[in-house]
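Breakdown of the fold
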Amino acid sequence: MSLRAAMTLRWQLVLLIVAALTVAQIISLLLFADERSLAIRAALGFEAAGRAANVARLIEEAPPDLHASILRAANSPLVRFDLSETALVQHSDHSDGGLVESRIRTLLDDSYSRDIRVELHQIEGQLMPLANLSREMTEMHMAMMRGELTAIEMNLSIAISGGRWLNVGTRFERPPIQWPLESMLAFVLSASVLLIVVIWFVMTRLTEPLQQLARAADRLGRGEDVPELPVAGPTEVRDLTVSFNRMQERLTRFVNDRTRMLAALGHDLRSPLTAMRVRAEMVDDDETRDSIVASVEEMQGMVEATLTFARGLTGSETPNCVNLRDYLNTLCQTLPAEVDLLGSDDTELRLRPNAMRRALRNLIENALRYGHAARIDWQITGGEVVLTLDDDGPGIPENQLDKVFDPFVRLEESRSLETGGHGLGLSIARTIIQSHGGDVTLSNRLEGGLRARVRLPNGHAANSEGEAP
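Conventions we followed
Each chain carries its own residue numbering, running from 1 in the direction its sequence is written. Restriction of local features to residues with pLDDT of at least 70 applies here, the model being predicted, together with a cutoff of 80 or more for giving and counting side-chain atom pairs; totals for whole chains, interfaces and linings are based on all residues. Think of the side-chain values as coming from all heavy atoms in the structure, minus any hydrogens and water. Helix numbering and strand numbering both begin at the N terminus, where a helix is a DSSP run of H or I of at least 4 residues and a strand a DSSP run of E of at least 2. A helix is expected to span 1.5 Å multiplied by its residue count minus one. Here a cavity is any set of points on a 1 Å grid over the protein atoms alone where a 1.4 Å probe fits but cannot get out, and a pocket is any open set with protein on both sides within 12 Å along at least 5 of 7 lines; a residue lines the site when it has an atom within 4 Å of a point. Grid points are joined across faces, edges and corners, and a volume is the space filled by probe spheres set on the points. As a working rule, the residues Ala, Val, Leu, Ile, Met, Phe, Trp, Tyr, Cys and Pro are called nonpolar, Asp, Glu, Lys and Arg charged, and the rest polar, with Gly in that last group. A score from 0 to 100, pLDDT tells how confident the predictor is in each residue. Should any heavy atoms of two residues lie within 4.5 Å, those residues are counted as being in contact. Angles shown run from 0 to 180 degrees and are taken between the N-to-C directions of axes, each axis being a line fitted to C-alpha atoms and, for helices, limited to the stretch in contact. Any angle between 65 and 115 degrees counts as roughly perpendicular, while under 35 counts as roughly parallel, over 145 as roughly antiparallel, and the rest as oblique. The handedness criterion is simple: a crossing whose near helix is rotated anticlockwise from the far helix by less than a right angle is left-handed, and one whose near helix is rotated clockwise is right-handed. Only protein chains enter the calculation, and the probe is 1.4 Å; a residue is then buried if its accessible area is under 20% of its type maximum, exposed if over 50%, and partly exposed in between. Only buried Ala, Val, Leu, Ile, Met, Phe, Trp, Tyr and Cys residues count toward a nonpolar core, and they belong to the same one when joined by side-chain atoms within 4.5 Å. Definition used for salt bridges: Asp or Glu carboxyl oxygen within 4 Å of a side-chain nitrogen of Lys or Arg.

**So, helix H11 (residues 353–371)**
With 19 residues, H11 extends 26 Å from end C-alpha to end C-alpha; this agrees with the ideal 27 Å at 1.5 Å per step. Phi for His 372, located one or two positions after H11, is positive at around 65°.

Structure (C-alpha coordinates):
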(Lines give C-alpha, C1' and ligand atoms only; values in the text may rest on other atoms or scores of the structure.)
Protein backbone atom coordinates (compact mmCIF):
# COMPACT_ATOMS: atom_id res chain seq x y z
CA MET A 1 0.00 0.00 0.00
CA SER A 2 1.48 3.34 -1.08
CA LEU A 3 1.85 6.33 1.23
CA ARG A 4 -0.73 8.27 -0.79
CA ALA A 5 -3.25 5.43 -0.40
CA ALA A 6 -2.50 5.25 3.32
CA MET A 7 -3.36 8.93 3.65
CA THR A 8 -6.85 8.59 2.18
CA LEU A 9 -9.81 8.95 4.49
CA ARG A 10 -10.88 5.36 3.87
CA TRP A 11 -7.56 3.81 4.92
CA GLN A 12 -7.13 6.17 7.87
CA LEU A 13 -10.55 5.24 9.25
CA VAL A 14 -9.96 1.51 8.64
CA LEU A 15 -6.59 1.60 10.41
CA LEU A 16 -7.99 3.71 13.24
CA ILE A 17 -10.93 1.38 13.88
CA VAL A 18 -8.77 -1.77 13.66
CA ALA A 19 -6.24 -0.26 16.05
CA ALA A 20 -8.98 0.78 18.49
CA LEU A 21 -10.55 -2.68 18.41
CA THR A 22 -7.14 -4.31 18.88
CA VAL A 23 -6.41 -2.19 21.94
CA ALA A 24 -9.89 -2.92 23.31
CA GLN A 25 -9.38 -6.65 22.82
CA ILE A 26 -5.99 -6.56 24.57
CA ILE A 27 -7.45 -4.66 27.54
CA SER A 28 -10.42 -7.05 27.72
CA LEU A 29 -8.07 -10.03 27.61
CA LEU A 30 -5.98 -8.65 30.45
CA LEU A 31 -9.08 -7.97 32.53
CA PHE A 32 -10.44 -11.41 31.70
CA ALA A 33 -7.15 -13.03 32.69
CA ASP A 34 -7.18 -11.20 36.03
CA GLU A 35 -10.82 -12.09 36.68
CA ARG A 36 -10.10 -15.69 35.69
CA SER A 37 -7.21 -15.83 38.12
CA LEU A 38 -9.32 -14.41 40.94
CA ALA A 39 -12.14 -16.85 40.23
CA ILE A 40 -9.77 -19.82 40.24
CA ARG A 41 -8.19 -18.70 43.48
CA ALA A 42 -11.56 -18.20 45.12
CA ALA A 43 -12.71 -21.64 44.00
CA LEU A 44 -9.55 -23.31 45.28
CA GLY A 45 -9.72 -21.39 48.54
CA PHE A 46 -13.34 -22.31 49.15
CA GLU A 47 -12.59 -25.94 48.27
CA ALA A 48 -9.80 -26.09 50.85
CA ALA A 49 -12.03 -24.35 53.40
CA GLY A 50 -14.82 -26.86 52.78
CA ARG A 51 -12.49 -29.81 53.25
CA ALA A 52 -11.10 -28.23 56.45
CA ALA A 53 -14.63 -27.78 57.82
CA ASN A 54 -15.54 -31.39 57.05
CA VAL A 55 -12.36 -32.72 58.66
CA ALA A 56 -12.95 -30.56 61.76
CA ARG A 57 -16.52 -31.90 62.04
CA LEU A 58 -15.28 -35.52 61.75
CA ILE A 59 -12.64 -34.99 64.42
CA GLU A 60 -15.21 -33.39 66.71
CA GLU A 61 -17.57 -36.37 66.29
CA ALA A 62 -15.10 -39.31 66.02
CA PRO A 63 -13.37 -41.01 68.96
CA PRO A 64 -9.71 -39.97 69.54
CA ASP A 65 -8.28 -43.26 68.28
CA LEU A 66 -9.66 -42.49 64.79
CA HIS A 67 -8.21 -38.99 64.54
CA ALA A 68 -4.93 -40.16 62.99
CA SER A 69 -6.82 -42.21 60.40
CA ILE A 70 -9.02 -39.24 59.52
CA LEU A 71 -6.00 -36.98 59.03
CA ARG A 72 -4.24 -39.57 56.81
CA ALA A 73 -7.34 -39.94 54.70
CA ALA A 74 -7.81 -36.16 54.39
CA ASN A 75 -4.23 -35.37 53.42
CA SER A 76 -3.55 -34.91 49.72
CA PRO A 77 -0.64 -33.61 47.65
CA LEU A 78 -2.21 -30.14 47.67
CA VAL A 79 -3.73 -29.91 51.16
CA ARG A 80 -2.02 -30.92 54.42
CA PHE A 81 -3.87 -31.52 57.73
CA ASP A 82 -2.31 -31.68 61.16
CA LEU A 83 -3.70 -31.88 64.68
CA SER A 84 -1.53 -29.99 67.19
CA GLU A 85 -1.58 -28.33 70.59
CA THR A 86 -0.55 -25.00 69.04
CA ALA A 87 -2.10 -22.98 66.28
CA LEU A 88 -0.16 -22.64 63.03
CA VAL A 89 -1.70 -19.18 62.53
CA GLN A 90 -0.72 -17.00 65.46
CA HIS A 91 -2.81 -13.90 64.61
CA SER A 92 -6.51 -13.42 64.11
CA ASP A 93 -6.38 -10.81 61.33
CA HIS A 94 -8.08 -12.22 58.27
CA SER A 95 -6.27 -10.97 55.19
CA ASP A 96 -9.12 -12.27 53.03
CA GLY A 97 -11.77 -10.05 54.66
CA GLY A 98 -13.34 -12.92 56.60
CA LEU A 99 -14.73 -14.79 53.58
CA VAL A 100 -12.98 -18.08 54.32
CA GLU A 101 -13.90 -17.96 58.02
CA SER A 102 -17.54 -17.29 57.12
CA ARG A 103 -17.46 -20.21 54.72
CA ILE A 104 -16.09 -22.57 57.40
CA ARG A 105 -18.54 -21.40 60.10
CA THR A 106 -21.44 -21.87 57.68
CA LEU A 107 -20.36 -25.43 56.93
CA LEU A 108 -19.74 -26.27 60.58
CA ASP A 109 -22.67 -24.52 62.11
CA ASP A 110 -23.56 -20.89 62.58
CA SER A 111 -23.40 -21.53 66.35
CA TYR A 112 -19.77 -22.62 66.18
CA SER A 113 -18.08 -20.16 68.49
CA ARG A 114 -14.51 -21.40 68.74
CA ASP A 115 -11.62 -19.56 67.15
CA ILE A 116 -10.93 -19.83 63.41
CA ARG A 117 -7.83 -18.17 62.07
CA VAL A 118 -7.00 -17.58 58.42
CA GLU A 119 -3.76 -16.40 56.87
CA LEU A 120 -3.30 -15.64 53.16
CA HIS A 121 -0.11 -14.40 51.53
CA GLN A 122 1.38 -14.38 48.06
CA ILE A 123 4.61 -16.15 47.22
CA GLU A 124 6.71 -14.88 44.29
CA GLY A 125 10.05 -15.83 42.80
CA GLN A 126 11.49 -19.23 42.08
CA LEU A 127 8.83 -21.49 43.56
CA MET A 128 8.88 -25.22 43.83
CA PRO A 129 5.78 -27.36 43.97
CA LEU A 130 4.54 -28.65 47.30
CA ALA A 131 7.04 -30.84 49.08
CA ASN A 132 4.77 -33.87 49.35
CA LEU A 133 4.11 -34.17 45.60
CA SER A 134 5.45 -37.23 43.85
CA ARG A 135 8.18 -36.80 41.26
CA GLU A 136 5.84 -37.59 38.36
CA MET A 137 3.27 -35.07 39.58
CA THR A 138 6.02 -32.49 40.16
CA GLU A 139 7.27 -32.80 36.58
CA MET A 140 3.74 -32.68 35.18
CA HIS A 141 2.92 -29.72 37.38
CA MET A 142 6.01 -27.79 36.30
CA ALA A 143 5.32 -28.50 32.61
CA MET A 144 1.73 -27.29 32.93
CA MET A 145 2.75 -24.14 34.78
CA ARG A 146 5.66 -23.53 32.32
CA GLY A 147 7.86 -22.62 35.25
CA GLU A 148 5.86 -19.42 35.84
CA LEU A 149 4.63 -19.82 39.41
CA THR A 150 2.86 -17.12 41.36
CA ALA A 151 1.29 -18.87 44.34
CA ILE A 152 -1.16 -17.98 47.09
CA GLU A 153 -0.50 -19.85 50.33
CA MET A 154 -3.42 -20.28 52.76
CA ASN A 155 -3.01 -21.50 56.35
CA LEU A 156 -5.96 -22.30 58.60
CA SER A 157 -6.11 -22.95 62.32
CA ILE A 158 -9.45 -24.20 63.65
CA ALA A 159 -9.91 -24.64 67.42
CA ILE A 160 -11.01 -28.16 68.34
CA SER A 161 -12.47 -29.34 71.64
CA GLY A 162 -9.87 -30.31 74.19
CA GLY A 163 -7.66 -27.29 73.47
CA ARG A 164 -6.20 -28.64 70.28
CA TRP A 165 -5.93 -27.02 66.86
CA LEU A 166 -6.61 -28.42 63.40
CA ASN A 167 -3.94 -26.82 61.23
CA VAL A 168 -4.50 -26.82 57.48
CA GLY A 169 -1.96 -25.69 54.86
CA THR A 170 -2.49 -25.41 51.14
CA ARG A 171 -1.05 -23.56 48.19
CA PHE A 172 -2.63 -22.83 44.82
CA GLU A 173 -0.84 -21.27 41.90
CA ARG A 174 -2.15 -18.89 39.27
CA PRO A 175 -2.40 -20.94 36.07
CA PRO A 176 -0.71 -19.21 33.13
CA ILE A 177 -2.84 -18.14 30.19
CA GLN A 178 -2.65 -20.69 27.42
CA TRP A 179 -1.69 -19.24 24.02
CA PRO A 180 -1.93 -21.91 21.32
CA LEU A 181 -0.16 -20.39 18.31
CA GLU A 182 -2.43 -21.94 15.67
CA SER A 183 -5.60 -20.85 17.43
CA MET A 184 -4.31 -17.33 17.97
CA LEU A 185 -3.26 -16.95 14.31
CA ALA A 186 -6.60 -18.28 13.10
CA PHE A 187 -8.46 -15.89 15.41
CA VAL A 188 -6.37 -12.86 14.42
CA LEU A 189 -6.62 -13.56 10.69
CA SER A 190 -10.33 -14.28 10.67
CA ALA A 191 -11.15 -11.29 12.87
CA SER A 192 -8.93 -8.97 10.80
CA VAL A 193 -10.41 -10.08 7.49
CA LEU A 194 -13.94 -9.75 8.80
CA LEU A 195 -13.28 -6.32 10.26
CA ILE A 196 -11.57 -5.00 7.14
CA VAL A 197 -14.31 -6.29 4.83
CA VAL A 198 -17.11 -4.78 6.91
CA ILE A 199 -15.31 -1.49 7.52
CA TRP A 200 -14.23 -1.26 3.88
CA PHE A 201 -17.84 -1.62 2.76
CA VAL A 202 -18.97 1.08 5.16
CA MET A 203 -16.09 3.41 4.25
CA THR A 204 -16.74 2.94 0.54
CA ARG A 205 -20.29 4.11 1.01
CA LEU A 206 -18.91 7.18 2.80
CA THR A 207 -15.86 8.04 0.70
CA GLU A 208 -17.04 7.24 -2.84
CA PRO A 209 -19.40 10.27 -2.97
CA LEU A 210 -16.57 12.42 -1.60
CA GLN A 211 -14.22 11.21 -4.34
CA GLN A 212 -16.85 11.92 -6.99
CA LEU A 213 -17.30 15.38 -5.52
CA ALA A 214 -13.54 16.05 -5.60
CA ARG A 215 -13.29 14.96 -9.24
CA ALA A 216 -16.29 17.09 -10.19
CA ALA A 217 -14.85 20.14 -8.42
CA ASP A 218 -11.55 19.68 -10.27
CA ARG A 219 -13.30 19.39 -13.63
CA LEU A 220 -15.45 22.42 -12.86
CA GLY A 221 -12.30 24.40 -12.03
CA ARG A 222 -10.91 23.51 -15.47
CA GLY A 223 -14.01 24.87 -17.17
CA GLU A 224 -15.47 21.51 -18.19
CA ASP A 225 -19.15 20.71 -18.28
CA VAL A 226 -19.97 18.69 -15.16
CA PRO A 227 -23.28 16.82 -14.97
CA GLU A 228 -25.30 17.06 -11.79
CA LEU A 229 -23.90 14.71 -9.19
CA PRO A 230 -26.13 11.94 -7.81
CA VAL A 231 -27.10 12.49 -4.19
CA ALA A 232 -25.93 9.47 -2.17
CA GLY A 233 -24.20 8.54 1.06
CA PRO A 234 -24.75 9.70 4.65
CA THR A 235 -26.79 12.79 5.42
CA GLU A 236 -23.77 15.10 5.68
CA VAL A 237 -22.37 13.92 2.34
CA ARG A 238 -25.79 14.24 0.71
CA ASP A 239 -26.11 17.81 1.95
CA LEU A 240 -22.63 18.58 0.63
CA THR A 241 -23.49 17.13 -2.79
CA VAL A 242 -26.71 19.14 -2.98
CA SER A 243 -24.80 22.32 -2.09
CA PHE A 244 -22.19 21.59 -4.77
CA ASN A 245 -24.86 21.03 -7.42
CA ARG A 246 -26.53 24.29 -6.43
CA MET A 247 -23.22 26.18 -6.48
CA GLN A 248 -22.32 24.80 -9.89
CA GLU A 249 -25.68 25.83 -11.31
CA ARG A 250 -25.34 29.36 -9.95
CA LEU A 251 -21.75 29.77 -11.18
CA THR A 252 -22.61 28.52 -14.65
CA ARG A 253 -25.63 30.80 -14.89
CA PHE A 254 -23.63 33.79 -13.62
CA VAL A 255 -20.75 33.30 -16.08
CA ASN A 256 -23.09 32.70 -19.00
CA ASP A 257 -25.17 35.78 -18.21
CA ARG A 258 -22.12 38.02 -17.96
CA THR A 259 -20.58 36.61 -21.11
CA ARG A 260 -23.81 36.94 -23.11
CA MET A 261 -24.15 40.53 -21.94
CA LEU A 262 -20.60 41.32 -23.06
CA ALA A 263 -21.09 39.63 -26.42
CA ALA A 264 -24.44 41.37 -26.98
CA LEU A 265 -22.91 44.74 -26.15
CA GLY A 266 -20.06 44.24 -28.61
CA HIS A 267 -22.47 43.00 -31.29
CA ASP A 268 -24.90 45.89 -30.88
CA LEU A 269 -22.10 48.45 -31.22
CA ARG A 270 -21.39 47.29 -34.75
CA SER A 271 -24.46 48.98 -36.27
CA PRO A 272 -23.87 52.53 -34.94
CA LEU A 273 -20.18 52.27 -35.75
CA THR A 274 -20.98 51.25 -39.33
CA ALA A 275 -23.37 54.21 -39.61
CA MET A 276 -20.70 56.54 -38.27
CA ARG A 277 -18.25 55.21 -40.85
CA VAL A 278 -20.70 55.88 -43.69
CA ARG A 279 -21.38 59.41 -42.48
CA ALA A 280 -17.70 60.08 -42.00
CA GLU A 281 -17.14 59.41 -45.69
CA MET A 282 -19.48 62.33 -46.44
CA VAL A 283 -17.29 64.87 -44.68
CA ASP A 284 -15.69 67.19 -47.20
CA ASP A 285 -12.59 68.11 -45.28
CA ASP A 286 -10.02 65.38 -45.94
CA GLU A 287 -8.14 65.79 -42.70
CA THR A 288 -11.30 65.69 -40.59
CA ARG A 289 -12.67 62.76 -42.58
CA ASP A 290 -9.49 60.72 -42.19
CA SER A 291 -9.39 61.43 -38.46
CA ILE A 292 -13.00 60.34 -37.94
CA VAL A 293 -12.55 57.22 -40.07
CA ALA A 294 -9.43 56.25 -38.12
CA SER A 295 -11.27 56.66 -34.82
CA VAL A 296 -14.21 54.62 -36.05
CA GLU A 297 -11.93 51.85 -37.32
CA GLU A 298 -10.15 51.77 -34.00
CA MET A 299 -13.49 51.47 -32.20
CA GLN A 300 -14.55 48.69 -34.59
CA GLY A 301 -11.30 46.87 -33.89
CA MET A 302 -11.93 47.13 -30.13
CA VAL A 303 -15.46 45.78 -30.63
CA GLU A 304 -14.15 42.82 -32.62
CA ALA A 305 -11.52 42.18 -29.94
CA THR A 306 -14.22 42.34 -27.28
CA LEU A 307 -16.32 39.77 -29.14
CA THR A 308 -13.26 37.56 -29.50
CA PHE A 309 -12.58 37.89 -25.78
CA ALA A 310 -16.20 36.97 -24.99
CA ARG A 311 -16.03 33.89 -27.21
CA GLY A 312 -12.90 32.84 -25.32
CA LEU A 313 -14.84 32.99 -22.06
CA THR A 314 -17.78 30.95 -23.27
CA GLY A 315 -15.83 28.15 -24.98
CA SER A 316 -17.95 25.00 -24.88
CA GLU A 317 -15.32 22.83 -26.60
CA THR A 318 -15.10 19.23 -25.42
CA PRO A 319 -11.82 18.49 -23.54
CA ASN A 320 -9.55 15.79 -24.94
CA CYS A 321 -6.23 14.21 -23.97
CA VAL A 322 -3.40 15.28 -26.28
CA ASN A 323 0.30 14.43 -26.44
CA LEU A 324 2.11 17.61 -25.46
CA ARG A 325 5.06 17.27 -27.86
CA ASP A 326 2.88 16.47 -30.88
CA TYR A 327 0.47 19.24 -29.94
CA LEU A 328 3.21 21.88 -29.73
CA ASN A 329 4.83 20.64 -32.96
CA THR A 330 1.56 21.09 -34.82
CA LEU A 331 1.05 24.53 -33.30
CA CYS A 332 4.54 25.77 -34.19
CA GLN A 333 4.14 24.69 -37.80
CA THR A 334 1.34 27.25 -38.23
CA LEU A 335 3.44 30.19 -36.93
CA PRO A 336 5.20 32.65 -39.24
CA ALA A 337 8.62 32.17 -37.58
CA GLU A 338 10.57 29.21 -36.24
CA VAL A 339 10.10 28.25 -32.57
CA ASP A 340 12.60 26.10 -30.68
CA LEU A 341 11.09 23.17 -28.72
CA LEU A 342 13.49 22.18 -25.96
CA GLY A 343 11.35 19.88 -23.82
CA SER A 344 12.01 16.14 -23.82
CA ASP A 345 9.41 14.76 -21.37
CA ASP A 346 6.58 12.86 -23.01
CA THR A 347 3.25 13.43 -21.31
CA GLU A 348 -0.43 13.93 -22.00
CA LEU A 349 -2.62 16.87 -21.10
CA ARG A 350 -6.37 17.01 -20.83
CA LEU A 351 -7.46 20.28 -22.43
CA ARG A 352 -9.68 21.98 -24.99
CA PRO A 353 -7.32 21.88 -27.98
CA ASN A 354 -8.60 24.87 -29.94
CA ALA A 355 -8.90 27.15 -26.93
CA MET A 356 -5.46 26.26 -25.60
CA ARG A 357 -3.95 26.66 -29.08
CA ARG A 358 -5.30 30.20 -29.12
CA ALA A 359 -3.85 30.97 -25.68
CA LEU A 360 -0.39 29.59 -26.49
CA ARG A 361 -0.40 31.27 -29.89
CA ASN A 362 -0.98 34.65 -28.24
CA LEU A 363 1.98 34.08 -25.92
CA ILE A 364 4.28 32.82 -28.69
CA GLU A 365 3.33 35.64 -31.09
CA ASN A 366 4.06 38.20 -28.37
CA ALA A 367 7.48 36.60 -27.86
CA LEU A 368 8.19 36.66 -31.62
CA ARG A 369 6.91 40.21 -32.07
CA TYR A 370 8.63 41.85 -29.12
CA GLY A 371 11.41 39.40 -28.25
CA HIS A 372 12.45 38.39 -31.81
CA ALA A 373 12.69 34.72 -30.78
CA ALA A 374 10.75 32.07 -28.90
CA ARG A 375 11.98 28.97 -27.05
CA ILE A 376 9.59 26.52 -25.39
CA ASP A 377 10.60 24.08 -22.69
CA TRP A 378 8.51 21.97 -20.35
CA GLN A 379 8.86 19.60 -17.44
CA ILE A 380 6.62 17.53 -15.19
CA THR A 381 6.61 18.53 -11.51
CA GLY A 382 4.28 16.54 -9.29
CA GLY A 383 0.72 16.76 -10.56
CA GLU A 384 1.29 19.51 -13.12
CA VAL A 385 3.16 20.34 -16.31
CA VAL A 386 5.17 23.58 -16.37
CA LEU A 387 5.80 25.21 -19.77
CA THR A 388 8.34 28.02 -20.03
CA LEU A 389 8.40 30.39 -23.01
CA ASP A 390 11.51 32.59 -23.27
CA ASP A 391 12.29 35.46 -25.64
CA ASP A 392 15.23 37.82 -26.17
CA GLY A 393 13.34 41.12 -25.89
CA PRO A 394 13.71 44.06 -23.51
CA GLY A 395 11.43 42.56 -20.88
CA ILE A 396 8.74 44.36 -18.86
CA PRO A 397 9.12 46.68 -15.86
CA GLU A 398 8.66 44.73 -12.63
CA ASN A 399 5.69 46.85 -11.53
CA GLN A 400 3.87 46.06 -14.80
CA LEU A 401 4.22 42.26 -14.85
CA ASP A 402 0.72 41.68 -13.46
CA LYS A 403 -0.94 44.70 -15.02
CA VAL A 404 -0.36 43.49 -18.60
CA PHE A 405 -2.96 40.76 -18.06
CA ASP A 406 -5.72 43.34 -17.61
CA PRO A 407 -7.96 43.85 -20.68
CA PHE A 408 -7.01 46.67 -23.08
CA VAL A 409 -3.66 47.31 -21.38
CA ARG A 410 -0.73 48.00 -23.76
CA LEU A 411 2.79 48.75 -22.58
CA GLU A 412 3.83 50.90 -25.50
CA GLU A 413 6.58 52.57 -23.50
CA SER A 414 8.40 49.30 -22.84
CA ARG A 415 7.57 47.34 -25.97
CA SER A 416 6.73 49.04 -29.24
CA LEU A 417 4.77 52.09 -30.24
CA GLU A 418 2.99 50.01 -32.89
CA THR A 419 1.47 47.14 -31.00
CA GLY A 420 -0.91 45.98 -33.68
CA GLY A 421 -3.52 44.98 -31.10
CA HIS A 422 -5.86 46.23 -28.43
CA GLY A 423 -4.30 44.71 -25.32
CA LEU A 424 -6.54 41.63 -25.10
CA GLY A 425 -4.06 38.91 -26.14
CA LEU A 426 -2.62 38.23 -22.69
CA SER A 427 -6.05 38.59 -21.05
CA ILE A 428 -7.48 35.97 -23.39
CA ALA A 429 -4.49 33.69 -22.83
CA ARG A 430 -4.72 33.90 -19.04
CA THR A 431 -8.52 33.39 -19.08
CA ILE A 432 -8.21 30.24 -21.19
CA ILE A 433 -5.33 28.82 -19.14
CA GLN A 434 -7.11 29.49 -15.85
CA SER A 435 -10.26 27.85 -17.20
CA HIS A 436 -8.13 24.69 -17.60
CA GLY A 437 -7.22 24.80 -13.89
CA GLY A 438 -3.78 26.33 -14.52
CA ASP A 439 -2.18 29.76 -14.46
CA VAL A 440 0.35 31.90 -16.33
CA THR A 441 2.94 34.27 -14.87
CA LEU A 442 5.56 36.58 -16.35
CA SER A 443 9.08 37.28 -15.10
CA ASN A 444 12.20 38.97 -16.41
CA ARG A 445 15.20 36.71 -16.99
CA LEU A 446 18.54 37.66 -15.48
CA GLU A 447 20.29 37.22 -18.83
CA GLY A 448 17.70 39.40 -20.55
CA GLY A 449 14.33 38.79 -22.10
CA LEU A 450 10.93 37.81 -20.76
CA ARG A 451 9.83 34.41 -19.48
CA ALA A 452 6.20 33.25 -19.50
CA ARG A 453 5.58 30.28 -17.21
CA VAL A 454 2.39 28.26 -17.84
CA ARG A 455 1.25 25.70 -15.26
CA LEU A 456 -1.34 23.11 -16.29
CA PRO A 457 -2.71 20.03 -14.48
CA ASN A 458 -1.06 16.80 -15.59
CA GLY A 459 -3.50 14.58 -17.48
CA HIS A 460 -1.95 11.40 -15.96
CA ALA A 461 -2.40 12.74 -12.41
CA ALA A 462 -6.04 13.44 -13.07
CA ASN A 463 -6.63 10.02 -14.57
CA SER A 464 -4.86 8.29 -11.67
CA GLU A 465 -7.49 9.69 -9.35
CA GLY A 466 -10.27 8.05 -11.25
CA GLU A 467 -11.19 10.69 -13.85
CA ALA A 468 -12.13 9.35 -17.19
CA PRO A 469 -9.90 10.50 -20.02
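**Notes on empty space enclosed by the protein**
One pass over the full model with this rule turns up 3 cavities of 30 Å³ or more. Size it by volume and the largest cavity reaches roughly 70 Å³. Along its surface, the largest cavity is lined by Leu 328, Leu 360, Leu 363, Ile 364, Ile 376, Leu 387, Thr 388, Leu 389, Ala 452 and Val 454. Looking at the lining of the largest cavity, the elements that each hand over two or more residues are H11, strand S9 (384–390) and strand S11 (450–457). Classifying every residue of the lining of the largest cavity by side-chain character gives 9 nonpolar, 1 polar and no charged.

**Looking at unusual backbone geometry**
Positive phi, normally seen in glycine, also occurs at His 372, with a value near 65°. Relative to the helices and strands, His 372 is located in the loop between H11 and strand S8 (375–381).

**A few points about the confidence of the model for the chain**
Per-residue confidence for the chain gives a mean pLDDT of 75, with 75% of residues at or over 70. Highest mean pLDDT in the chain belongs to strand S10 (residues 439–444) (92); lowest belongs to helix H13 (residues 459–464) (46). For the stretch residues 1–6, pLDDT sits under 50, and the model shows 6 contacts to residues farther than four places along the chain or on other chains. Here residues 414–420 is modelled with pLDDT under 50, and outside its nearest four sequence neighbours on either side it reaches 17 contacts, counting other chains as well.

**Remarks on the packing of H11 against helix H12 (residues 425–435)**
Remark: H11 packs on H12, axes separated minimally by 8 Å, with the N-to-C direction vectors making an angle of 140°. Here H11 lies oblique to H12, going by the angle between them. Our pair here, H11 against H12, has a crossing hand that is left-handed. Where H11 abuts H12, its residues Ala 355, Met 356, Arg 358, Ala 359, Asn 362, Leu 363 and Asn 366 lie against Gly 425, Leu 426, Ile 428, Ala 429, Ile 432 and Ile 433. Counted by class, the contact of H11 with H12 contains 9 nonpolar, 3 polar and 1 charged residues.

**Re the environment of Leu 273**
One can find Leu 273 in helix H8 (residues 270–280). Exposure remark for Leu 273: the relative accessible area of 4% places this residue in the buried category. For the pair formed by Leu 273 and Gln 300, sequence separation is 27 residues and the distance between their alpha carbons is 6.8 Å.

**Describing the nonpolar core**
Among the nonpolar cores identified, the biggest contains 40 residues, and Leu 363, Ile 364 and Leu 442 are the most heavily contacted of them. At the level of elements, helix H10 (324–333), strand S7 (348–351), H11, S8, S9, H12, S10 and S11 are the ones that each hand at least two residues to this core. In terms of residue count, H11 provides more of this core than any other element does, 8 residues in total. Residues contacting Leu 442, with those up to four places away along its chain left out, are Ile 396, Leu 401, Val 404, Phe 405, Leu 426, Leu 450, Arg 451 and Ala 452. Ranked by size, the runner-up nonpolar core spans 25 residues in total, among them Val 79, Ile 104, Ile 158 and Leu 166.

**Quick look at the packing of H10 against H11**
Relative orientation of the contacting elements H10 and H11 amounts to 60°, with a least axis distance of 11 Å. Comparing their axes, H11 and H10 come out oblique. For the element pair H10 and H11, the recorded crossing hand is right-handed. Touching Tyr 327, Leu 328 and Leu 331 of H10 are Pro 353, Met 356, Arg 357, Leu 360, Arg 361 and Ile 364, all from H11. Considering only residue class, the contact of H10 with H11 consists of 7 nonpolar, no polar and 2 charged.

**Looking at the pattern of salt bridges**
Here the idea is simple: oppositely charged side chains can pair when their charged atoms come close. Per the counting criterion, the structure on display carries 10 salt bridges. The closest approach of N and O atoms between Arg 361 and Glu 365, which form a salt bridge, is 3.9 Å. With Arg 361 and Glu 365 both in helix H11, this residue pair falls 4 residues apart, about one helical turn. Classification of Arg 361 by relative accessible area gives partly exposed; the value is 23%. For Arg 445, the salt bridge goes to Glu 447, with nearest N and O atoms at 2.8 Å. Because the salt bridges share partners, they merge into one network encompassing Arg 375, Asp 392, Arg 445 and Glu 447.

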